[in-house]
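A look at the structure
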Amino acid sequence: MSPTRRDFLKISTVGGAAAALFGFDLKLAYAQLRTLKIARANETRSTCPYCSVSCGVIIYTIGDRAKNVTAQVVHVEGDPDHPINRGTLCPKGASLEQDILNERRLTKPQVRRPGGTDWEEISWDDALNEIAAKMKKTRDETFIEVDANGNRVNRLESIAWTGGCTDTNEFNYLIVKTMRSLGVVHLENQARV
Amino acid sequence: MTARQTGGAEYDARIARAGRLASPHSAATEFLEFYKPVAAFQKKLRANIAASSVFGSGSALVAGVRDELDLTVLLPHFRSYLSVIEQHAPPALAEAARQMALLPSDSWIASLEAYWKHAGTHDQQVGAFAQFLPRAFLQPYAEFRAALTPRAPLVGATRLCPLCGSRPLLGVLRPEGDGGKRFLLCSFCSHELEFRRILCPTCGEEAEDKLPVYVAEDSPHVRVEACDTCKFYLRTIDLTKDGHAVPLVDDLAAIPHTLWALEQGYSRLQPNILGT
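Residues numbered from 1 in each chain as written. Chains lettered and ligands numbered in written order. Predicted model: local features only at pLDDT ≥ 70, side-chain atom pairs only at ≥ 80, totals over all residues.

1. A short note on the domain arrangement of chain B
Residues and elements named next belong to chain B.
- In terms of domains, chain B is made up of domain 1 (3-148) and domain 2 (168-268).
- If you average the C-alpha positions of domain 1 and of domain 2, the two centres end up 24 Å apart.
- On the side of domain 2, 13 residues touch domain 1, which itself brings 19 residues to the contact.
- Only helix H2 (8-22), helix H3 (29-51) and helix H8 (128-148) provide two or more residues apiece to the side of domain 1 that touches domain 2.
- Of the residues in the side of domain 1 that touches domain 2, the class split is 12 nonpolar, 3 polar and 4 charged. (Domains from an automatic or database assignment. Contact = placed C-beta atoms within 7 Å. Helix = DSSP H or I, 4+ residues; strand = E, 2+ residues; numbered from the N terminus. Nonpolar A, V, L, I, M, F, W, Y, C, P; charged D, E, K, R; others polar.)

2. What to know about the nonpolar core
- Core analysis: the largest hydrophobic core is formed by 94 residues, its most contacted members being Phe-31, Leu-133, Cys-164 and Cys-189 of chain B.
- Among the elements that make up this core, the one with the highest residue count is H8 of chain B (13 residues).
- The residue makeup of this core includes at least three contributed by each of domain 1 (3-148) and domain 2 (168-268) of chain B.
- With residues up to four places along the chain from it excluded, the contact list for Phe-31 of chain B reads Phe-24 of chain A together with Leu-252, Ile-255 and Leu-274 of chain B.
- Among the nonpolar cores identified, the runner-up in size contains 9 residues, and Val-57, Ile-58, Val-76 and Leu-96 of chain A belong to it. (Core = buried A, V, L, I, M, F, W, Y, C linked by C-beta atoms within 7 Å. Buried ≥ 20, exposed ≤ 12 C-beta atoms within 10 Å, placed from the backbone.)

3. A few points about the packing of H3 of chain B against helix H5 (residues 78-88) of chain B
Residues and elements named next belong to chain B.
- Two elements in contact, H3 and H5, have axes whose closest approach is 10 Å; the angle formed by their N-to-C orientations is 165°. Classified by the angle between their axes, H3 and H5 sit roughly antiparallel to one another. Here the hand of the crossing between H3 and H5 comes out right-handed. In this structure, H3 contributes Phe-34, Pro-37, Val-38 and Phe-41 to the contact, and H5 contributes Tyr-81, Val-84 and His-88.
- Of the residues that constitute the contact of H3 with H5, the class distribution is 6 nonpolar, 1 polar and no charged. (Axes fitted to C-alpha atoms, helices over the stretch in contact; angles between N-to-C directions. Parallel < 35°, antiparallel > 145°, perpendicular 65-115°, else oblique. Left-handed = near helix turned anticlockwise from the far one by under 90°.)

4. A short note on the pairing of strand S1 (residues 168-176) of chain B
Residue and element names in this part refer to chain B.
- Examined bridge by bridge, S1 and strand S2 (residues 179-186) share 8 bridges and lie antiparallel to one another. Within S2, the residue paired with Gly-171 across the bridge is Leu-184.
- What sits between the antiparallel neighbours S1 and S2 is a turn of 2 residues, in which Gly-177 has the positive phi angle 60°.
- Of the pairings in the sheet, the one linking S1 to strand S6 (residues 232-238) comprises 3 bridges and is parallel in character. (Pairing = 2+ DSSP bridges.)

5. A word on the environment of Lys-37 of chain A
- For Lys-37 of chain A, the position within the fold is in the loop between helix H3 (27-35) and strand S1 (38-47).
- Once residues lying within four places of it in the same chain are set aside, the contact partners of Lys-37 of chain A are Ala-216 and Glu-217 of chain B.

6. Structural notes on unusual backbone geometry
- Backbone geometry places Arg-86 of chain A, a non-glycine residue, at a positive phi of 50°.
- Position of Arg-86 of chain A among the secondary structure elements: in the loop between strand S3 (72-78) and helix H4 (91-94).

7. Things to note about the pairing of strand S7 (residues 152-163) of chain A
Residue and element names in this part refer to chain A.
- Here strand S6 (residues 144-146) runs beside S7; their pairing, made up of 2 bridges, is antiparallel. Within S7, the position partnered with Val-146 by the bridge is Arg-152.
- Sheet analysis places S7 next to strand S8 (residues 184-189), joined by 5 bridges and oriented parallel. Pairing of Leu-156 across the sheet is with Val-184, part of S8.

8. Some points on the domain arrangement of chain A
- What the domain assignment lists for chain A is domain 1 (41-101), domain 2 (106-135) and domain 3 (143-193).
- Distance from the C-alpha centre of domain 1 of chain A to the C-alpha centre of domain 2 of chain A: 31 Å.

9. What to know about the interface of chain A and chain B
- Taken together, the contact between chain A and chain B spans 45 residues of the former and 51 residues of the latter.
- Of all the elements, S1 of chain A adds the most residues to the side of chain A that touches chain B, at 8 residues.
- A breakdown of the residues in the side of chain A that touches chain B according to their chemical character gives 22 nonpolar, 13 polar and 10 charged.
- By the bridge criterion, 4 bridges tie S1 of chain A to strand S4 (residues 213-216) of chain B in an arrangement that is antiparallel. What sits directly across from Arg-40 of chain A, in S4 of chain B, is Tyr-214 of chain B.

10. A few points about helix H7 (residues 105-118) of chain B
Residue and element names in this part refer to chain B.
- Helix length check: H7 (14 residues) gives 20 Å between terminal C-alpha atoms against 20 Å at 1.5 Å per residue, within 8%.
- Listed in full, the buried residues belonging to H7 are Trp-108, Ser-111, Leu-112, Tyr-115 and Trp-116. Angular distribution of buried residues about the axis of H7 spans 130°; they occupy a single face of the element. Residues of H7 that are exposed and angled more than 90 degrees away from the buried face: Asp-106 and Lys-117.
- The positive-phi residue at the C-terminal boundary of H7 is Gly-120, with phi of around 75°. (Expected span 1.5 Å × (residues − 1). Arc of directions from axis to C-beta.)

11. Notes on the packing of H7 of chain B against H8 of chain B
All names here are of chain B.
- It is at 9 Å that the axes of H7 and H8 come closest, and there the two elements cross at 80°. Here H7 is positioned roughly perpendicular relative to H8, judged by the angle of their axes. Residues Ser-111, Leu-112, Tyr-115 and Trp-116 of H7 lie in contact with H8, whose contacting residues are Ala-130, Pro-134, Arg-135 and Leu-138.
- Grouping the constituent residues of the contact of H7 with H8 by class yields 6 nonpolar, 1 polar and 1 charged.

12. Topic: the confidence of the model for chain A
- Summary statistics for chain A give a mean pLDDT of 86 and a share of 89% for residues scoring 70 or more.
- Note on residues 1-16 of chain A: pLDDT is under 50 here. Beyond four places in sequence and across chains, it has 37 contacts. (pLDDT = per-residue confidence, 0-100.)

13. Digging into the sheet that holds S7 of chain A
All names here are of chain A.
- Read across the open sheet, the 3 strands follow the order S6-S7-S8; overall the sheet is mixed. Of all strands in the sheet, those with a lone pairing partner are S6 and S8, marking the two edges. Going across the sheet, the axis of each strand differs from the next one's by a mean of 25°, ignoring polarity.

In structure tokens:
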């Protein structure tokens, strides 16, 4: 007797087990499963810090999310969904991974003394103290209270500030407040590069 | 009749890729060896559909992919399809094809029409055999109709195929700039639609820490893009890592990935034609 359509539909299963039901041999697949070295990565959207174009990037980090493990950046690529760059990056952006991982990046302040040929490492406290002392000395010596016509100007032309595109909005706000309070008039930023 | 309508080159690429992957992917050799004659049949069927008097003019269809199932074009090929399956499939599936061949033609029609209606939408409730047989047979027809259906601009992030309404089978990352743009590959008509990265196509989760991507060391172009919120995953073939990959075929070769994802508690949104 020929089977009915109802009989045929009864031979059924759902989803992933179908291959085994068809009669495919999954032994090898299970064996290979044991040797798979699978890493978990997370993709995080971010913005390239180099210039004011603000290209979108996707940063890949790996790690098992354990509390005592710091996730490691393994790859950075352009974000194809970002309306500004549509996945493209300039050479600086394309090497962004190195901004985080390169062993030659500077992580401590350094100073090269007048007449010196080498850079020497100093502590953050010493660096900040030296910068503050030099700024105060320069300001005390060169501050202009009145101009040649006797107008009160209270300005400092011997110190200038230049910022970078990695500076955040909040940081730039503080910079303007600080510099203006010192009388600095020459403020510049390279974020238009 | 254009190359786009016959789809010959696409099928040739799939068959060739299956041949190339069969040897290095020993766990999938049986699957890929079976897929080759199925794809060869699909190629012939697609050419026959394109050459049929109904569609021979090559004019664009007005209706959607799923609106019409012309069994006068398809039915004459169904018996030879079943015999291809019987000849090359593993025993249980071959037996199912043999039994299907014994059924009267109105049962074939009912089976094909039912699957045509529910493909990629409610077919997870359909049995494996009752799903495979019509799916592999109807796919060339769905692909052919999709090739002729005009594309409307997409609004918002739809996760279902705009042409036939089916769930996505795969994600495909294609090179765009210095990254990879994600497309969803329809599980039925193989249409690709743009879809945002870092967004779950099942539940719409956007939190980056809930959307892990798992990649195996020896096959970096196969990604398991999981969602820890809904516990579904999307298999994605990354063409920026392997430009020779053919998503439909590389998916079949990634059986260990399927088993691994199942072990981790993730379900696949839509299995491929071989049920993995």
